[in-house]
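Okay, here's what each chain looks like letter by letter:
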Amino acid sequence: MSTDAIVLLKNDHKTVEKLFKQFEKAGEDAYDEKRRIADSIIEELTVHAYIEEEIFYPAAREAVPETKDHVLESVEEHHVVVWMLSELIGMDPKDETFDAKVTVLTENVRHHVEEEEDEWFPEVRSAMGRKQLQELGQRMIDARPKAPKNPLELKSAKA
């Protein structure tokens, strides 16, 4: 398995995208399935945001100072996402706003992923190089178990 930091983040993005598609395909009355998928989305995005905020973003900003604005914007996008995640935690999937909230969350995350992958991951990759990205990726893997379960415990929740 690759420990390249950007590969790891892109794999997380793919995992979450699969969950979004599962949610979109779930039947209108598939409440238990939607709850299970939403819980998986919450967990995946909370861990992902944690490793980005704690490890990847600071390293990217140091390696490529020009990415400062991208990093700051990404943290603000995380802020919006983590509050939506926190609202979904205890929400009944039969609530009339549940599907709408997941749809808006999906749109926000897809936009965020597109910006990261298309606009600034390539800059970070060329600045850091393979060895540094692998070391960073290993730090990210090691940090996963320390990630909070509650999205409101992330730095971006307070940003």
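Calculation notes
Residues numbered from 1 in each chain as written. Predicted model: local features only at pLDDT ≥ 70, side-chain atom pairs only at ≥ 80, totals over all residues. Heavy atoms only, no water. Salt bridge = Lys/Arg side-chain N within 4 Å of Asp/Glu carboxyl O. Helix = DSSP H or I, 4+ residues; strand = E, 2+ residues; numbered from the N terminus. Buried < 20%, exposed > 50% of the residue type's maximum accessible area, 1.4 Å probe, protein only. Axes fitted to C-alpha atoms, helices over the stretch in contact; angles between N-to-C directions. Parallel < 35°, antiparallel > 145°, perpendicular 65-115°, else oblique. Left-handed = near helix turned anticlockwise from the far one by under 90°. Contact = heavy atoms within 4.5 Å. Phe/Tyr/Trp six-rings, centres within 6.5 Å; stacked < 30°, edge-to-face > 60°.

In this structure the tally under the stated criterion is 10 salt bridges. The closest approach of N and O atoms between Lys34 and Asp99, which form a salt bridge, is 2.6 Å. Residue Lys34 is located in helix H2 (residues 31-63), and its partner Asp99 is located in helix H4 (residues 98-143); the two are separated by 65 residues in the primary sequence. Looking at Lys34, the relative accessible area reads 2%, which means it is buried.

Following both chains from N to C, one finds helix H1 (residues 5-25) and H4 inclined at 165°, their axes separated by 5 Å at the closest point. What the angle tells us is that H1 and H4 run roughly antiparallel. The handedness of the crossing between H1 and H4 comes out as left-handed.

It is worth spelling out the packing of H2 against helix H3 (residues 68-89) at this point. Contact geometry for H2 and H3: axes closest at 10 Å, N-to-C directions at 155°. Considered as vectors, H2 and H3 are oriented roughly antiparallel to each other. Seen from above, H2 lies across H3 with left-handed handedness. Listed contacts from H3 to Arg35, Ile41, Ile42, Leu45, Thr46, Ala49, Glu52, Glu53, Tyr57 and Arg61 of H2 are Lys68, Val71, Leu72, Ser74, Val75, His78, Val81, Leu85, Leu88 and Ile89.

Here Pro93 shows up in the loop between H3 and H4. We classify Pro93 as buried; its relative accessible area is 13%. Separated by 40 residues in sequence, Pro93 and Leu133 place their C-alpha atoms 40 Å apart. Residues contacting Pro93, with those up to four places away along its chain left out, are Tyr31, Arg35 and Phe98.

Before going further, it helps to examine the packing of aromatic side chains. Considering all chains together, one arrives at 6 aromatic pairs under this definition. Look at Phe23 and Phe98: their rings are 6.1 Å apart centre to centre, the planes differ by 45°, and that puts the pair in the tilted class. Within this pair, whereas Phe23 is found in helix H1, its partner Phe98 is found in helix H4, the two being separated by 75 residues in sequence. Relative accessible area serves as the criterion here: at 6%, Phe23 is assigned to the buried category. On the basis of relative accessibility, which here comes to 0%, the residue Phe98 falls in the buried class. Through a chain of ring-to-ring contacts, the aromatic side chains of Phe56, Tyr57, Trp120 and Phe121 assemble into a single cluster.

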